[in-house]
Amino acid sequence: EDEGLYPLQALVQPVALRFKYHFDGERETNRPDKPEWYFTHIANVAHDHRPFMEGTVQRLLTGTKLQNVNAWHQYVKLGILERKVRRSVPQLLGRPALLAHTIYQSLLFDSSLRELGYEFDQVEGKKAEEAEKGGVSRIILDEKEWFDAWIEGEKKFADDQYHQIISATDAWVVADDHKGSLSDIKATNSAWRIRALVEQVTDRYTPLPSFCQRTQFLIRVQVPVLKNYHSRISSSLDAFETLSSALVRAVPGALAVDAAKTDSKRLTGGVEGSQRLCKALLSARYVENAMRVWGEETFFLELWAEINRRAYLRAGVGAHPSLPEPNAWPQSGTIFEELMTQYANLVSRAEDMLVHQICGECETSLKGHFNSVASLLDSAEGAAVNIMIPPTLLPSVALLSSHLTYLRSTLPSSTVTHLYRRIASCISEHVLQREVLFRPGLGRTSTGWHGFTPECELWVETCQVALNTSHGHAEKPWSRLLAAGRLLASEVQGHEQAFHMFSSDSWWEADENEDVWEDALDDVTGLGTGGLRKDEVKIIFRLRDINIRVGARR
C-alpha cells in the first residue's frame, strides 16, 4: 500500500495514535452504538488542518517534482478509519439497528467530506462510463454479506412498521387534514402513514452511491410496502363482495345463517357500506397520487434513467411484476408506473362497487313502489288526487339522498361528480325501463301519467339538495327519465305543431334530420331528445291517452 510522502506520514502519526487510544481500546469512547464519534473525529481533523495543508505544505510542494501531489488529500488518508470499519462491522451483523446506524453515519461522513472538496477514488463500473462515487461507506456496501444483512434489517423494520400501521385502531379512519396532504384528497390514517413510511425508506437509501444498491433497496424494501398495502385494500374489497347482501341474494345459501345475513347487511348495507368502500377508494387514490409525485422527483428520475441505460439493471427490474418494463432508450414513464396502474385499477374497482352498492339498494327499495303504484292509482281514479307523489317512493329517494350526502362530504368533488353521473344514470334507466318501456304503464291511467312527472322531478330536486349543486348539473343524468315523463304528461295544446308531426306515419318512416328530430322533442320536453331513441319515443306515445295515431299500423 502506498503510504504517501514520509513528511506527511510523520504528521499523520499523532492523529493515528490518538484515534487508536480513543476508538481501538477499552475506553468509554469506543462504543459500537456511537460510530458517529470516530467519523466526526476524522472529519474534524480534516477540517481543522486543511488551511495549514493547503496554505503552507502545498506551497512547499509547488515548483518541485511533487507539485501534483495534493497535500491535504495525502494527510486525510483514510486508512485508519477504513481499518476501524472493517473490524467493527462483523460484530454488528447480528444487531440490525446498529448496523444500519453505522452505515448511515458512514454515508453522512462521505457526504461531509465531499462538501469540503475531498475527492474519493471512484469505483469502476461494468463499463468505463458507469464508474460510481467511492467513499468509506463502500467498504461496507460493496461487501455482499454485509450489504445483504443491512437490507434484511431494513426490510424487517419496514415490515414491522407496515404491520403496526395496518393493525392500528384508527388505521381506516378518514383523516380530515394532514401536513403535506395532496391537493384536496382526503385519506385514511393508514394511507397517510404508508406515504410517510415510504418517504422515510427513501430517505434511508437516497445517499447510497451505487445505482445497483439503490435498485436493490427499491425492489427488496420499498416496493413490497406498496404492494402489501395494495393487497390489503384489495382483500378488503374481496371481503366486502363476499359479505354484501347482493351476493347473498345472487348465491342462495352462501350465508345461510340468519345472524350472518343480518351482520353482513349491517356491514355492507346503507351508508355504512358506502363508508367502507369510500375508505378503500380514498386510500388507493391517495397512494396513487403520492407515487405520481415521487416519480417526478429528481432522485427517482435519475434512478429510472440509469435503470433504462444499464443492461444489468434492466434485467433485474424487468423481472419484477410491480415495476414497469424498462427500455434501453428512450426513457418513458416513471419508475412507479406499474404500481400506479395497479392502484388506479383498485380505485376503479372501488368506484364500480360503490355504484353497484348504491344502485342495488335503491332498486331493491323501489320494488315496493313498483308493486303498489298500479293499485294506488286505480283506487284514486275518478277522485281528486292531492298527493301527486306516492309515499312508497319516498324511502328510495331518501336512501339515495343519504348516500349522496355522504359522498359529497367525503370524496373529492371530481370523484363525486363522476360517481353521481353513473349512479343517477343507472337509477334513471331502471325506473324508465320498469315503469315505462319494459312494463308499459304499470296500470297507470291518464291521471297517473300526470303524477309521473313530479316523481321524476323529485329525484332531480333531491339530488340537487344532497350535492348542493345547480339544477342543471343535477338534472343531466336524469334526462332520459325526465324527457319520458314530460312527453307522457304534456298537453297537446301549446305544442300542436310538434304533436302533428308525431302523429304522422310518414314522419316516423322517414329518415328525418337529427336537428329536426331534436327540435320537435325539445318543444315538448325542453331537454331535446334527452337521449331517447325513436323506438322508445313511439312506445311512450302509445301509452298516452290522447287522440293521435302514433305508428298505429305497427
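Definitions and cut-offs
Residues numbered from 1 in each chain as written. Predicted model: local features only at pLDDT ≥ 70, side-chain atom pairs only at ≥ 80, totals over all residues. Heavy atoms only, no water. pLDDT = per-residue confidence, 0-100. Helix = DSSP H or I, 4+ residues; strand = E, 2+ residues; numbered from the N terminus. Contact = heavy atoms within 4.5 Å. Buried < 20%, exposed > 50% of the residue type's maximum accessible area, 1.4 Å probe, protein only. Disulfide = S-S within 2.5 Å. Expected span 1.5 Å × (residues − 1). Axes fitted to C-alpha atoms, helices over the stretch in contact; angles between N-to-C directions. Parallel < 35°, antiparallel > 145°, perpendicular 65-115°, else oblique. Nonpolar A, V, L, I, M, F, W, Y, C, P; charged D, E, K, R; others polar.

Asks: Looking at this structure, I do not really get the confidence of the model for the protein chain. What am I missing?
Replies: As a general rule, the predicted coordinates of low-pLDDT regions are not to be interpreted in detail. Here the protein chain shows a mean pLDDT of 81. Residues at 70 or above account for 76%. Put simply, helix α10 (residues 245-250) is where the protein chain has its lowest mean pLDDT, 44, and helix α7 (residues 144-167) is where it has its highest, 95. pLDDT under 50 marks residues 246-262. Its contacts with residues more than four places away, or in other chains, come to 13 contacts. Residue range residues 546-554 is modelled with pLDDT below 50. Its contacts to residues more than four positions away, or to other chains, number 23 contacts.

Asks: Would you take a moment to explain unusual backbone geometry for this structure?
Replies: Phi at Asn468 is positive, roughly 55°, even though this residue is not glycine. As for its position among the elements, Asn468 is in the loop between α18 (446-467) and α19 (471-475). Of the residues examined, Asn468 reaches a relative accessible area of 61% and is grouped as exposed.

Asks: Any chance you could explain the state of the cysteines here in plain terms?
Replies: A disulfide bridge is the covalent bond that connects two cysteines by way of their sulfur atoms. Taken as a whole and assessed by the stated rule, the structure comprises 0 disulfides. Note on Cys359: no disulfide assigned, nearest cysteine sulfur contributed by Cys426 at a separation of 3.4 Å. On the basis of relative accessible area, Cys359 is assigned to the buried category, the value being 2%.

Asks: Is there a simple way to think about helix α5 (residues 96-116) in this case?
Replies: Working note: α-helix, 3.6 residues per turn, so residues spaced by three or four point in the same direction. Taking 1.5 Å as the rise per residue, α5 with 21 residues should run 30 Å; its terminal C-alpha atoms sit 30 Å apart, in good agreement. Leu98, Leu99, Ala100, Thr102, Ile103, Gln105, Ser106, Leu107, Phe109, Asp110 and Leu113 are the residues of α5 that are buried. Buried-residue contacts for α5 involve α2 (35-61), α4 (79-92), α6 (137-141), α7 and α8 (189-205). The positive-phi residue at the C-terminal boundary of α5 is Gly117, with phi of around 105°.

Asks: Explanation requested: the packing of α2 against α4 in the structure shown.
Replies: The angle between the axes and the distance between the axes are what describe a pair of packed helices. Axis separation between α2 and α4 bottoms out at 11 Å; the angle between their running directions is 170°. In terms of axis orientation, α2 runs roughly antiparallel to α4. For the pair formed by α2 and α4, the contact residues are Tyr38, Phe39 and Ile42 on the first element and Ile80, Leu81, Lys84, Val85 and Ser88 on the second. Of the residues belonging to the contact of α2 with α4, the class tally is 6 nonpolar, 1 polar and 1 charged.

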